[in-house]
Amino acid sequence: MDWLLRPDGRCLAENRPCEDAPQSWPSCLCHGLISFLGFLLLLITFPVSGWFALKIVPAYERMIVFRLGRIRTPQGPGMVLLLPFIDSFQRVDLRTRAFNVPPCKLASKDGAVLSVGADVQFRIWDPVLSVMTVKDLNTATRMTAQNAMTKALLKRPLREIQMEKLKISDQLLLEINDVTRAWGLEVDRMELAVEAVLQPPQDSPAGPSLDSTLQQLALHFLGGSMSSVAGGASPLGPADTLEMVSEAEPPAPHVGAGPTLKQPVAEGLLTALQPFLSEALVSQVGACYQFNVTLPSGTQSTYFLDLTTGQGSVGHGVPNGIPDVVVEMAEADLRALLCRELRPLGAYMSGRLKVKGDLAVAMKLEAVLRALK
């Protein structure tokens, strides 16, 4: 290929070092004379010099040869002849390689602290650039990946990082390749790995966290504050009170009050949700939910909330179609959630509260909760 040259001897076509930069005639004369003497010495000492001058290059490698300090066209695969004393070489492996970005502590946009790492696979597509531009290719690529990962995660909340991990990985792949292509390197795959959430997100106006969402779901859907939601600002009676209980201390017994959380689950669902269903809510959510509550007897009660057509519907039993999200929990855990004896996020992480389906669709229940307020 004929390269277009700049005054500094670099190629305009790809902004890379040229293999045939122009030389002055004294330089060309000295270069040719020394190369001729090298060939002559090789012939005189052959076949002994053949053991040192002949190199085998496998199909997955290329050999970059420097003759009197000037780079030549990549050699290989096959047998390569080197001139003694005037040629130096460097092998470049073209196979895909991989490394991992060690887990590091990062703070998300909503104040959560998480330990995040990454797995990266890359390969060399231009041996000349990989030798001429970067001395330590692995270290440079690892630092580039870590910096891009840090900048990207600082701009996103924890929930977006957990639910859109593949999308973030694809965006990081493009950003890293924009840098590494100038080094003759291309990143084929990058996968984020969220090792642990070291600190939950702080309260912020960006939106409720998973913990607050599940807690509101339990309070609004399944008891407790149903009468206050349906009756507006009416005062709470003794049978409608909820006591705030600290997880570190056992709950104090109620004095002179009957059972506070005996309201049937289906009745609570119908009472709380039926008046608030509308076409606007259906267009905003557009999903179908199923709630499975396991009773102490071992039986399971099933309820549904269908926000896919019309004004929506809610009731006892399974929905007509396949639900987008299924929420499962025991009645005892439901009581613990309503009495604040069990944190919703802890129940979700420990498996006592199970969400089957798309977590992003489950988070659309926030629109239902806003309608209940």
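Everything numeric in this text was worked out from a predicted model, so none of it was measured. (Residues numbered from 1 in each chain as written. Predicted model: local features only at pLDDT ≥ 70, side-chain atom pairs only at ≥ 80, totals over all residues. Heavy atoms only, no water.)

With 18 residues, helix H4 (residues 137–154) extends 26 Å from end C-alpha to end C-alpha; this agrees with the ideal 26 Å at 1.5 Å per step. Taken residue by residue, H4 has Leu-137, Ala-140, Thr-141, Thr-144, Ala-145, Ala-148, Met-149, Ala-152 and Leu-153 as its buried positions. For H4, the N-terminal capping position is held by Asp-136, with its side-chain oxygen 3.5 Å away from the main-chain nitrogen of Asn-138. (Helix = DSSP H or I, 4+ residues; strand = E, 2+ residues; numbered from the N terminus. Expected span 1.5 Å × (residues − 1). Buried < 20%, exposed > 50% of the residue type's maximum accessible area, 1.4 Å probe, protein only. Polar contact = N/O pair within 3.5 Å; in protein donor to acceptor, adjacent residues only side chain to side chain.)

Next up on the list: unusual backbone geometry. Pro-47 follows Phe-46 through a cis peptide bond whose omega is 10°. Relative to the helices and strands, Pro-47 is located in the loop between helix H1 (25–44) and helix H2 (50–53). Here the amide bond leading from Gly-76 into Pro-77 is cis, since omega sits at 0°, within 30 degrees of zero. Here Pro-77 shows up in the loop between strand S3 (70–71) and strand S4 (78–81). Unlike most non-glycine residues, Leu-68 shows phi in positive territory, near 55°. Mapped onto the secondary structure, Leu-68 falls in the loop between strand S2 (61–67) and S3. Given a relative accessible area of 35%, Leu-68 falls into the partly exposed group. Located in the positive-phi region is Phe-85, a residue other than glycine, with phi close to 75°.

On to the packing of aromatic side chains, then. Following the criterion strictly, the structure yields one aromatic pair and no others. The ring centre of Tyr-60 lies 3.8 Å from the NZ or CZ of Arg-95, which sits over that ring. (Phe/Tyr/Trp six-rings, centres within 6.5 Å; stacked < 30°, edge-to-face > 60°. Lys NZ or Arg CZ within 6 Å of the ring centre and 35° of its normal.)

Inspection of the entire model under this criterion finds nine salt bridges. In this structure, Arg-123 and Asp-188 form a salt bridge, with 3.4 Å as the shortest nitrogen-oxygen distance. Of this pair, Arg-123 sits in strand S7 (residues 113–124) while Asp-188 sits in strand S8 (residues 185–199), placing them 65 residues apart in sequence. Overall, Arg-123 belongs to the partly exposed group, its relative accessible area being 29%. Glu-191 serves as the salt-bridge partner of Arg-189, at 2.1 Å between the closest nitrogen and oxygen. If you follow the salt bridges from partner to partner, you end up with Arg-123, Glu-186 and Asp-188 in one network. (Salt bridge = Lys/Arg side-chain N within 4 Å of Asp/Glu carboxyl O.)

One open sheet accounts for three strands, arranged S6-S7-S8; its pairing is antiparallel. Here the strands that pair on one side only, and so sit at the sheet edges, are strand S6 (97–107) and S8. Strand-to-strand twist in this sheet, taken as the mean axis angle between neighbours without regard to direction, amounts to 15°. Pairing analysis gives nine bridges linking S6 to S7, with the strands arranged antiparallel. Following the sheet pairing, Val-101 is matched in S7 by Ala-118. Contacts between H4 and the sheet are confined to S6, S7 and S8, with S6 contributing the most and set at about 35° to the helix. (Pairing = 2+ DSSP bridges. Axes fitted to C-alpha atoms, helices over the stretch in contact; angles between N-to-C directions. Contact = heavy atoms within 4.5 Å.)

Remember that the coordinates give geometry; whether it matters functionally is a separate question.
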